[in-house]
Every structure is written in C-alpha cells, then in structure tokens.
Amino acid sequence: MSPEGKKLLNIIILGFGFMFMFTAFQTCGNIEQTVIKSFNSTEFHGSGYTSMAIIYGVFSASNLIAPSVVAVIGPQLSMFFSGLLYSLYIAMFIYPYTWSFYTASVLVGIAAAVLWTAQGNVLTINSTDSTIGRNSGIFWALLQFSLFFGNLYIYCAWHGHVHITDKDRQTVFISLTVISLVGCFLFFLLRKPDSECSSSAEATEPLLQEEPCDNTATSSGCSHLCSQALDAFVKACKLFITREMLLLGVSIGYTGLELTFYSGVYGTCIGAMMRFGQDAKSLIGISGICIGVGEILGGSVFGILNKRIGFGRNPIVLLGLVTHIIAFYLIFLNIASDAPLAPEEGTDLEAFITPSVGVALFCSFLLGLGDSCFNTQLLSIIGFMFHDNSAPAFAVFKFIQSIMAALAFYYSNYLLLHWQLLILVVVGFLGTITFFKVEHMASSSRRQSDYDSI
C-alpha cells in the first residue's frame, strides 16, 4: 500500500473507532437526563445536566496535561485507555448509584481530554496541507454516523414507551457498553504512517510510541519522555495565548455551547413535550437520527468535497451560522419555554405555535448540519495553522470547547429555553466574525503568525 493510502486507511480506522465509541456515548448523553427522571430507586439523586457539567469541567482542566500523556505513551494507547473509561461511564447506568455516577463523570472528563488530543494528533500526522480538509471531513462524517445508529436503536427499543423501566434501561446500556468496547479495540488496527526521514514534524509525532534507541539507555529514555511531556505542556500554554487561538477561541467556545444544546438539552425538550403525544420519548431517538443526518451531510459535502468545488472555509462557517439561527428561531416558536426543566410527566405549557413533530425534527437536522459546518472547518484550520504542534493545539481546542460545554450544562439546570437560545445566537454571531478574521490571517501570510515564534 502506498504511503498516502496507508494514511487514508488510518483516518478511516480512526473514524470507525470513534463511530463505535460515540454511538454509545452520544446516545448515552442524549437520553441520560430522560432516563434519570424515570429511575425507580429513591436512593439515586443525580442529574444528567450536572454530570455533563462535571465531565466537561474536568475535561477542560485535563486538557492542560493531555498533551503530556499523549507524548509519553503515544496516541494509540492514549485513545485505547481513554475509551475504556468511556465504557465504564456507560456501564455505570446498568446499576446506578449517585457516588459511582459522579465518580465516573470525573474519570470520563479526564479520559475525554486525552482521547481528543490523541485524535487530533493522529488526524494531523496522517494529513498534509492539501489533505487536511478531506481527512477532517471523512473523520467527521464517520464519527457522526454514531448519532444515526445509536438513536435508531433507541427509537426501536423505546417506541410506544411512556415510562422507561429498569429492564429497558439495563438492556440499552449493556448494549451500548459492548459497542463502546468494540471501538476501543479498533484503535489497535492503526499503523504508523510511512514518512520521509527528513520530516521533522512527523518524526517528532509518531503514531506508535517508539522504544528507546538501545536497551542500555533506559535512564536517558525516561529523561527524554519527561522532557517531551514538559515541552508539550509548555507549547500548549504558549499556543493558548497566541492571537490566532484567542480569536478562534470564540468560535470554539460556540461549538461547546451548541454541543450541549443538541446533545442534551434539545432531546430533553422533545421528550418533555406532552403535546407531541405518547411517543415523545421515542422521538428523542428520531431527533438524534436527524441530527446525525445533518452532521453526516455536512461532513461529507463541506469536508470531503470543498476542495473540488472551490469553497473556502468562510462560506461554510457562514452557512453553519445561518442554519443554526433558523433552527433556534423555529425551536423558540415550537417548543415550550420550560421544556428543559420539566419533570418526567412533561409540560403542558403552550408554545408560540401549535407544536409540530415535523418542525422539531427539521430543527434537529439543521442543528446537525450547522454543527458539522463549524467543526469540520475548525479542525481544518487548526490542523493547517498548527501542523507542527498538533497535539498541544488540539488540546487547547478541546480545553476551550469543553469549558464552555460545562458552563452550558450548568446553566441548563436553571435557564428557560428562550434564554439559552439567546446566548447561542449572540456567541454564534461573534464566533463567526472571529473565524473570518483568522481565516484571513491564515490565507494572507503564515509568516506573520504569532504561532511561528513558538
């Protein structure tokens, strides 16, 4: 197989590994608040929103050390062990306890930081400036198939259910745990890409962690690993305060806010709408499928084909903003304002229009399409601008995204729907403006970049 073919195969394997893992985890996140409301046990007092806030809060802090972990044990083992902790979190719902729920939330927050830093590292070392857009699109499209498969399963399993029984919950989460573990083991199929010996960027970022040069150099090897870990941490801190990353931080922060909304809040809103009928719970699964269709379409068209049809990044990000604003306006009209905070019995509060299942699912599609527009272009521009230090750069990306997601999950416990939508519109508009600025800087001259001085 040619070196380019091997790199493309690695991207596909990476995408399938994440597809299996996040078929389990994103489905879990989409339904957990609804599941928790239906627990029969009076000893469990957890909140799905609080759990997600903990996950993303720990996730953001752990991004400071994630590049060091990836530098020491390599991206392949980093993704595998992180995946095991994701599986542990999902398995916790089989027999849930409050203490294990929140402990697992902390652990998966740490795992998420390492996982996504390693993913950015693998994506970058298997890409060039000319293939980073294509590879970002392939990875994103495969990842978002997780929304389709996981939520289709939820729809079939819960169709016609008004209340989620313990047996329903256990069957679903046992299945999701097994699916997550399959994704973990797929990472062992990744192979180190062939590269030119003179390529300093790829030589310093091996896919598989290399052994010390000889058996007598153990002490020297350990010192080298410590130096790598410290160097990765310092670079991540320096990257965080560059002009480009500070500007991109607004765009990245917006993806964290809307990640919270489409992956947790919106599904809860649909499940709480009693005016959607007795199938409101199973509509959570259909909503997730529609989000997945939008994500896959966006990843395929704007990630894989943008090079061929001559689009730059700016029009795609602008399209993402427009689709999201349309979705937010329709949700504002179609969903009752107290839906995010409603009990299991749902809400009878009237929306501004007669609630429509079709409009709700169309909004799900628009949420997924807009999210794919933002994320594929952020992956592309970060991989392009920070190619030589991809692990620290993607750690900063996930640090900003996760801290904003944690903030959003926290305020989702208290704010009515219309206030959450207003925050999304304002931050989304500002994030689009700052992305345009960074794209102009990237296309005009890389030599004027703050990043070049690191």
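Rules of the game
- Residues numbered from 1 in each chain as written.
- Predicted model: local features only at pLDDT ≥ 70, side-chain atom pairs only at ≥ 80, totals over all residues.
- Heavy atoms only, no water.
- UniProt positions renumbered as here; feature names shortened; annotations may be inferred.
- Salt bridge = Lys/Arg side-chain N within 4 Å of Asp/Glu carboxyl O.
- Helix = DSSP H or I, 4+ residues; strand = E, 2+ residues; numbered from the N terminus.
- Buried < 20%, exposed > 50% of the residue type's maximum accessible area, 1.4 Å probe, protein only.
- Axes fitted to C-alpha atoms, helices over the stretch in contact; angles between N-to-C directions.
- Contact = heavy atoms within 4.5 Å.
- Nonpolar A, V, L, I, M, F, W, Y, C, P; charged D, E, K, R; others polar.
- Patch = residues over 30% accessible without salt bridge, like charges linked within 9 Å, V, L, I, M, F, W, Y side chains within 5 Å.
- Areas by Shrake-Rupley, 256 points an atom, 1.4 Å probe, with all protein chains shown as cover.
- Expected span 1.5 Å × (residues − 1).
- Parallel < 35°, antiparallel > 145°, perpendicular 65-115°, else oblique.
- Left-handed = near helix turned anticlockwise from the far one by under 90°.
- Phe/Tyr/Trp six-rings, centres within 6.5 Å; stacked < 30°, edge-to-face > 60°.
- Lys NZ or Arg CZ within 6 Å of the ring centre and 35° of its normal.
- Core = buried A, V, L, I, M, F, W, Y, C linked by side-chain atoms within 4.5 Å.
- Domains from an automatic or database assignment.
- pLDDT = per-residue confidence, 0-100.
- Polar contact = N/O pair within 3.5 Å; in protein donor to acceptor, adjacent residues only side chain to side chain.

If you look the protein chain up in an unreviewed UniProt entry, it shows as Major facilitator superfamily domain containing 11 from Pundamilia nyererei. Note on the protein chain: under the UniProt heading Sequence similarities (unreviewed entry), the record states "Belongs to the unc-93 family." Quoted verbatim from the Subcellular location (unreviewed entry) field of the UniProt record, the comment on the protein chain reads "Membrane".

A full pass over the atoms with the stated rule returns 2 salt bridges. A salt bridge links glutamate 4 to arginine 134; its shortest N-O distance comes to 3.1 Å. Of this pair, glutamate 4 sits in helix H1 (residues 3-37) while arginine 134 sits in helix H6 (residues 132-158); the two residues are 130 residues apart in sequence, bridging distant segments of the chain. Note on arginine 134: relative accessible area 25%, which makes it partly exposed. Its salt-bridge partner being arginine 313, residue glutamate 439 comes within 2.9 Å of it at the nearest N-O pair. Taken together, the residues glutamate 439 in helix H15 (residues 417-444) and arginine 313 in helix H12 (residues 313-334) connect sequence positions 126 residues apart.

Further remarks concern the packing of helix H3 (residues 66-73) against helix H4 (residues 75-91). Put simply, H3 and H4 touch, their axes get as near as 7 Å, and they point 120° apart. Each of Val69, Val70 and Ile73 in H3 lies in contact with H4, whose residues at this interface are Pro75, Leu77 and Ser78. Looking at the contact of H3 with H4 residue by residue, the classes come out as 5 nonpolar, 1 polar and no charged.

On to a nonpolar patch on the surface. The grouping of Trp419, Leu422, Val426, Phe429, Leu430 and Ile433 at the surface amounts to a nonpolar patch, some 600 Å² of accessible area in total. Accessibility expressed as a relative area gives 47% for tryptophan 419, which makes it partly exposed.

Let us look at H1. Given a rise of 1.5 Å per residue, 35 residues ought to cover 51 Å, and the 51 Å separating the end C-alpha atoms of H1 matches this to within 8%. Counted residue by residue, H1 has 25 buried out of 35 residues, so it is predominantly covered.

With that settled, consider the packing of H12 against helix H13 (residues 357-385). Two numbers describe how H12 lies on H13: the axes approach to 8 Å, and their chain directions differ by 150°. Judged by the inter-axis angle, H12 sits roughly antiparallel to H13. The handedness of the crossing between H12 and H13 comes out as left-handed. Among the residues making up the contact of H12 with H13, the classes are represented as 20 nonpolar, 7 polar and 2 charged.

Here we come to the environment of valine 317. Within the fold, valine 317 resides in helix H12. Residue valine 317 is classed as buried on the basis of its relative accessible area, which comes to 0%. When the C-alpha positions of valine 317 and phenylalanine 435 are compared, they lie 8.0 Å apart, and in sequence the two are 118 residues distant. The contact partners of valine 317, leaving out residues within four places of it in the chain, are Cys373, Phe374, Gln377, Thr432 and Phe435.

By the definition in use, this model includes 29 aromatic pairs. Between phenylalanine 22 and tryptophan 116, the ring centres sit 5.5 Å apart and the planes meet at 55°, which makes this aromatic pair tilted. On the criterion of sequence distance, the pair formed by phenylalanine 22 in helix H1 and tryptophan 116 in helix H5 (residues 98-125) is long-range, its members being 94 residues apart. Each of the two residues, phenylalanine 22 as well as tryptophan 116, counts as buried. With a centroid separation of 6.0 Å and an interplanar angle of 35°, the aromatic rings of tyrosine 56 and phenylalanine 59 are classed as tilted. Separated by 3 residues within a single helix, tyrosine 56 and phenylalanine 59 lie in helix H2 (residues 48-62), roughly one turn from each other. The residues tyrosine 56 and phenylalanine 59 share a single accessibility class, namely buried. One aromatic cluster is present, built from ring pairs that chain together Phe18, Phe22, Phe25, Tyr86, Tyr89, Phe93, Phe101, Tyr102, Trp116, Phe139, Phe173 and Phe187. In this structure, lysine 398 is placed above the aromatic ring of tryptophan 116, and the distance from its NZ or CZ to the ring centre is 4.0 Å.

Moving on, we get to the nonpolar core. Phe18, Tyr86, Tyr89, Phe173 and Phe261 are the most contacted members of the largest nonpolar core, which totals 111 residues. Two domains each put at least three residues into this core: domain 1 (1-190) and domain 2 (243-448). Those residues in contact with tyrosine 86 that lie beyond four places of it in its chain are Met21, Phe22, Phe25, Val108, Ala111, Ala112, Leu115, Trp116 and Ser180. Counting 5 residues, the second largest nonpolar core, distinct from the first, contains Leu123, Ile132, Ile138 and Leu142.

In this section: the confidence of the model for the protein chain. Averaged over all residues, the pLDDT of the protein chain equals 80, while 82% of them reach at least 70. Averaged pLDDT values over the elements of the protein chain bottom out at 40 in helix H8 (residues 200-203) and peak at 94 in H4. Throughout residues 449-454 the model reports pLDDT below 50, and contacts reaching past four residues in sequence, or to other chains, amount to 19 contacts.

This paragraph deals with the environment of glycine 428. Among the structural elements, glycine 428 can be located in helix H15. Each C-alpha atom of the pair glycine 428 and glycine 320 lies 9.3 Å from the other, and the pair is 108 residues apart in sequence. If we ignore the near neighbours within four places in the chain, the residues touching glycine 428 are Tyr254 and Leu321.

On to the side chain of serine 287, then. Considering the arrangement of structural elements, one finds serine 287 in helix H11 (residues 280-304). A polar contact is formed between the side chain of serine 287 and the side chain of serine 364, at a distance of 2.7 Å. Beyond its immediate stretch of four places on either side in the chain, serine 287 contacts Tyr266, Ile270, Leu361 and Ser364.

Here threonine 255 shows up in helix H10 (residues 243-272). The exposure class of threonine 255 is buried, given its relative accessible area of 1%. Here the side chain of threonine 255 touches glutamine 401 through a polar contact of 2.8 Å, side chain to side chain. Residues within four places of threonine 255 in sequence aside, it is in contact with Phe374, Asn375, Leu378 and Gln401.

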